[in-house]
Amino acid sequence: MIATQIARIIANFILFLELTDDEILDSDAAVEMMEDVGAGLDALDKGFLRELVDAFAVIAPEYSGESQDLVRDIPYGFYLEETLAEGDPARLAELGALREARAAKL
Amino acid sequence: MTQASRDKQQSVFSQWLRTGRLPSDGIFDGVERKFNPWHDPADGQFAFAGTGRYYGAGMAKPVPRAPARLARAHPQESQIRSQPKAVTSRAKQPASTAEPSEAHGAAGGRAKPVAARLGDQRNAAAEFVGGVGEGIYGVGKNTVVALHSALTTNPVTTVRNASLGIASRIDDALAAENIPARVQVARAADAIANASPREIGQATGSVVGNTALAVLPSAALGKVSALRRLPEAPPRVSYDPPEIGWVKENLGRDTPAKRYNDAATGGRPGQAPTLMRTMSDGSKRPVKFDGIQGEYVIDRKFKVMTLPRARAQLLRQSDVLAQHRLIGTWEVPTEKQRIAALELLKEMKVTNIKVRVVKP
């Protein structure tokens, strides 16, 4: 429950950083702020991070259009699954293959 | 005391009679004096070597072939004597080729310059031969200097020097072509008439040396072909240093990510280095980085991401780096981030940004 609430807070902040016009929010400053957020997520307890990663998929339908895709892709964009798979080479290899397949589709 | 002084003077005079030398080193007040054993028997004055009578050691010199008065009275003598080159070259001759008596130092004679003697046929021939040697030596030395310059200096400098030399020769030739032939012939005749045997020998030696150089196919053709190839070499491309601008950047927070980015090499606190990016419509927009090191601009990534704005930033940086012909460097804190960055660069087909790990 808490994870979902925190996921919603993070999602709103990420949407602000991603979708605000360049004339209002400097693009490079926004990226640097997102690096800060990503570093903070990496530092979370692994169990809570697992719940948080799953929560982004739960709250994504609350948004529409581009925002929905962005919220759903927050774990992918921050490499959160790779953070959770540290020390598991098989899982890391699987995640690498999934990334390559997704990049090939784009 | 007086007797001792007189005895000393007699001893010095006796030594001078026996050896032709004074006991001193022959240098008085910094001026070196040399003994001249040749005297004119008519008036006792000093004469040139080979003229007059020899009064030196052994007294065995041959009878002079020409009277001293005739030698001094020669109309060309004063002109030749005034030429410093003849005196200098004479002084450079080895002792074995000079008159033995001239090599001895002694006092009593005035310091006279040794000059070339047109009336002495043997010496004139020797001077001519010496001049030939100097001419050939000069040609050889110039050739060696030119070859050394071609092999050791910057090719561009060599070509420029060679071009300047060739241009000078062409200027001389053009100037000569503008002078009537009769004037050139008259000048040549006048120069030959007033030239000393050594000068004629030098000219002859130069001609011989240049002819020998010209008939050597390998040396001459190699020299010319090498110099002709040099201008065709592609010039080295040099780029101006990156035009870095600085903009204020105060994001108002103190986090590990901010501290890491602010610690980039060449960064300034509260400022960010920027490169100006030219957009497709001609407008210009700055692209921020975190530091600069030489010709490399640095952007620090505390966390690598694949979110849309992060991808757009990567493309902006790659584009502005390509416009400025620069290479960028991403600095990341861990090996895991480096791998993620390499995968992202590969996916985005960016090749002008390198990645390295720099610990916080």
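Residues numbered from 1 in each chain as written. Chains lettered and ligands numbered in written order. Predicted model: local features only at pLDDT ≥ 70, side-chain atom pairs only at ≥ 80, totals over all residues.

For chain B, the count of helices and strands is 13 helices and 11 strands. Counting the 360 residues in chain B, one finds 22% classified as buried. Restricting the contact set of chain B to residue pairs at least 6 apart, pairs at least 24 apart contribute 67%. (Helix = DSSP H or I, 4+ residues; strand = E, 2+ residues; numbered from the N terminus. Buried ≥ 20, exposed ≤ 12 C-beta atoms within 10 Å, placed from the backbone. Contact = placed C-beta atoms within 7 Å.)

What follows deals with the overall build of chain A. For chain A, the helix and strand inventory stands at seven helices and zero strands. Secondary structure of chain A in N-to-C order comes out as α-α-α-α-α-α-α. Out of the 106 residues belonging to chain A, those deemed buried represent 26%. The long-range share in chain A, meaning contacts at least 24 apart out of those at least 6 apart in sequence, stands at 56%.

Interfaces are often described in size by the accessible area the parts lose on coming together. At the interface, 20 residues of chain A touch 21 residues of chain B. Secondary structure elements with two or more residues in the side of chain A that touches chain B: α1 (2-19), α2 (27-42), α5 (74-77) and α7 (89-105) of chain A. The greatest single-element share of the side of chain A that touches chain B, amounting to 12 residues, is contributed by α2 of chain A. The class makeup of the residues in the side of chain A that touches chain B is 10 nonpolar, three polar and seven charged. (Nonpolar A, V, L, I, M, F, W, Y, C, P; charged D, E, K, R; others polar.)

So, about the confidence of the model for chain B. Residues and elements named next belong to chain B. Summary statistics for chain B give a mean pLDDT of 69 and a share of 43% for residues scoring 70 or more. Here helix α5 (residues 100-103) stands out as the element of chain B with the lowest mean pLDDT, 41, in contrast to strand β11 (residues 353-357), whose mean of 95 is the highest. Reported confidence for the predicted complex is 0.92 by ipTM and 0.49 by pTM. (pLDDT = per-residue confidence, 0-100.)

Attention shifts here to unusual backbone geometry. All names here are of chain A. Although it is not a glycine, tyrosine 79 sits at a positive phi angle of roughly 60°. Counting through the fold element by element, tyrosine 79 comes out in the loop between α5 and α6 (80-84). Tyrosine 79 sits in the buried class, given 25 other C-beta atoms within 10 Å.

Another point: the packing of α1 of chain A against α2 of chain A. All names here are of chain A. At a minimum axis separation of 9 Å, α1 and α2 run at an interaxial angle of 160°. As judged from the angle between their axes, α1 and α2 are roughly antiparallel. As for how α1 packs across α2, the hand of that crossing is left-handed. The residues of α2 that touch α1, namely those facing Ile10, Phe13, Ile14 and Leu17, are Ala30, Met33, Met34 and Val37. Of the residues assigned to the contact of α1 with α2, the class counts are eight nonpolar, no polar and no charged. (Axes fitted to C-alpha atoms, helices over the stretch in contact; angles between N-to-C directions. Parallel < 35°, antiparallel > 145°, perpendicular 65-115°, else oblique. Left-handed = near helix turned anticlockwise from the far one by under 90°.)

Take the sheet that holds strand β6 (residues 271-278) of chain B next. Residue and element names in this part refer to chain B. Strand order across the open sheet formed by three strands is β5-β6-β7, with antiparallel pairing between neighbours. The two strands at the open ends of the sheet, each matched to only one other strand, are β5 (245-248) and β7 (284-288). Ignoring which end each strand starts from, the neighbouring axes of this sheet average 50° apart. As judged from the four bridges shared by β5 and β6, these two strands associate in the antiparallel manner. Among the inter-strand pairings, glycine 245 is bridged to a residue of β6, identified as threonine 274. Packing against the sheet, helix α12 (residues 308-323) makes contact with β6 and β7, and its axis sits at approximately 70° to β6. (Pairing = 2+ DSSP bridges.)

All names here are of chain B. Spatially, β8-β9-β10-β11 is the arrangement adopted by the four strands of the open sheet, whose pairing is mixed. Of all the strands in the sheet, just β8 (291-293) and β11 have a single pairing partner and so form its edges. Here the strands of the sheet are splayed against their neighbours by 30° on average, with no regard to which way each runs. With respect to the sheet, helix α13 (residues 335-347) is in contact with β10 (327-332) and β11, its orientation differing from that of β11 by roughly 170°.

Here the focus is the nonpolar core. Among the nonpolar cores identified, the biggest contains 40 residues, and Ala7, Ala11, Met34 and Phe56 of chain A together with Val304 of chain B are the most heavily contacted of them. Discounting chain neighbours no more than four positions away, the residues touching alanine 7 of chain A are Leu52, Ala55, Phe56 and Ile59 of chain A. Core analysis: the second largest hydrophobic core is formed by five residues, Ala47, Phe48, Ala49 and Tyr54 of chain B among them. (Core = buried A, V, L, I, M, F, W, Y, C linked by C-beta atoms within 7 Å.)

All right, on to the packing of α1 of chain A against helix α4 (residues 65-72) of chain A then. Relative orientation and spacing of two packed helices are given, respectively, by the angle between their axes and the distance between those axes. Residue and element names in this part refer to chain A. It is at 10 Å that the axes of α1 and α4 come closest, and there the two elements cross at 120°. In terms of their interaxial angle, α1 and α4 are classed as oblique. Read as a crossing pair, α1 and α4 show a hand that is right-handed. Mapping the contact onto sequence places Ala11, Ile14, Leu15 and Glu18 in α1 and Ser67, Leu70 and Val71 in α4.

Moving on, we get to the environment of alanine 39 of chain A. Locating alanine 39 of chain A in the fold gives a position in helix α2. A count of 18 C-beta atoms within 10 Å places alanine 39 of chain A in the partly exposed class. With sequence-adjacent residues up to four places away left out, alanine 39 of chain A is seen in contact with Pro256, Ala257, Phe302 and Lys303 of chain B.

Relative to the 22 Å expected for 16 residues at 1.5 Å per residue, α2 of chain A spans 23 Å between its end C-alpha atoms, a close match to the ideal helical length. The set of residues buried in α2 of chain A consists of Asp28, Ala30, Val31, Glu32, Met33, Met34, Glu35, Gly38 and Asp42 of chain A. (Expected span 1.5 Å × (residues − 1).)

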